[in-house]
Amino acid sequence: MSWTDDRVETLKKMWGEGQSASQIAKELGGVTRNAVIGKVHRLGLSNRTTAGAAAKPEPQAKPAVTAEPKAKPEPAAEPEPVAVREKPDLKTEPAIAPQTSLPARRQIIPAGQPLPPQPSANEISPEALAKVNEIEKNAKKLSLMELTERTCKWPVGDPATEDFWFCGLPVQQGKPYCEAHVGVAFQPMSARRDRRR
């Protein structure tokens, strides 16, 4: 199919009337909707102007600029003083109150805030504590750099002191700790459930 002058005139007329590309293609016959759209763009009719003209909008005349007398610049206003907040005394007032809706093990505690109560040593069975105390007497007392995947990584003491060390005994398979420390670290669900009550 070729675009004859008659077909182009029909296309321009129907496009100007607001007909869709599908309707124009059906009227012309032997042409697809996409072919009509392509021809419309090549003719510059895509903005749906009046029939037969691909008129471009005339540029509007710019208003004449009148020179106004320059005003004296106003002196810059002094900035208002910013109130300086004092650091809160963390011993007497918390900066952010810890969230109490979440269980303690899932809370995010802001830095400088006291930790929620942790399970105390009396909540661990006396047998487990005795076993841990006995094991720690025989521990290898390794430093962080001496630990391997086969050594117990249970920390003992305060990390800020020179007396801090790791157990270092052989680990229980699949766990990071020796048998005694696994008994303390991984308690059965029933024991944890009872402790919460």
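Above this text you will find the structure in question.
Conventions and cut-offs
- Residues numbered from 1 in each chain as written.
- Predicted model: local features only at pLDDT ≥ 70, side-chain atom pairs only at ≥ 80, totals over all residues.
- Heavy atoms only, no water.
- Salt bridge = Lys/Arg side-chain N within 4 Å of Asp/Glu carboxyl O.
- Buried < 20%, exposed > 50% of the residue type's maximum accessible area, 1.4 Å probe, protein only.
- Helix = DSSP H or I, 4+ residues; strand = E, 2+ residues; numbered from the N terminus.
- Contact = heavy atoms within 4.5 Å.
- Core = buried A, V, L, I, M, F, W, Y, C linked by side-chain atoms within 4.5 Å.
- Axes fitted to C-alpha atoms, helices over the stretch in contact; angles between N-to-C directions.
- Parallel < 35°, antiparallel > 145°, perpendicular 65-115°, else oblique.
- Nonpolar A, V, L, I, M, F, W, Y, C, P; charged D, E, K, R; others polar.

K.L.:
Account for the pattern of salt bridges, naming residues and giving values.
P.N.:
For the coordinates displayed, the defined rule picks out one salt bridge. A salt bridge links Lys-13 to Glu-17; its shortest N-O distance comes to 3.4 Å. Relative accessible area serves as the criterion here: at 48%, Glu-17 is assigned to the partly exposed category.

K.L.:
Talk me through the side chain of Lys-39; I want residue IDs and the actual numbers.
P.N.:
Along the chain, Lys-39 turns up in helix H3 (residues 33–43). Beyond its immediate chain neighbours, meaning those up to four positions away, Lys-39 contacts Trp-3, Val-8 and Leu-11.

K.L.:
Outline unusual backbone geometry, supporting the account with residue identities and numerical values.
P.N.:
One can expect most non-glycine residues to show negative phi and most peptide bonds to be in trans. Its identity is not glycine, yet Lys-141 carries a phi of approximately 55°, on the positive side. Inspection of the secondary structure assignment puts Lys-141 in the loop between helix H4 (126–137) and strand E1 (155–156).

K.L.:
Mind laying out the nonpolar core, listing which residues take part and the relevant values?
P.N.:
Ranked by internal contacts, the top residues of the largest apolar core, which has 13 residues, are Cys-152, Cys-167 and Cys-178. Listing elements by their share of this core, those giving two or more residues are H4 and helix H5 (179–185). Top contributing element to this core by residue count: H5, with three residues. For Cys-167, the contacting residues outside a window of four places in its chain are Ile-135, Ala-139, Lys-140, Lys-141, Cys-152, Trp-154, Cys-178 and His-181.

K.L.:
Go over the environment of Ile-135, please, and point to the residues and values.
P.N.:
Looking at the secondary structure, you find Ile-135 in helix H4. On the basis of relative accessible area, Ile-135 is assigned to the partly exposed category, the value being 23%. Placed 44 residues apart in sequence, Ile-135 and Glu-179 show a C-alpha to C-alpha distance of 9.4 Å. Apart from the residues within four sequence positions on either side, Ile-135 is in contact with Cys-167, Leu-169, Cys-178, Ala-180 and His-181.

K.L.:
Could you give an account of the packing of helix H2 (residues 21–28) against H3, naming the residues involved and the relevant values?
P.N.:
Look at H2 against H3: their axes get within 8 Å of each other, and the N-to-C directions meet at 105°. One way to sum up the angle between H2 and H3 is to call them roughly perpendicular. In contact with Ala-21, Ser-22, Ile-24 and Ala-25 of H2, H3 contributes Arg-33, Val-36 and Ile-37. Taken together, the residues of the contact of H2 with H3 sort by class into five nonpolar, one polar and one charged.

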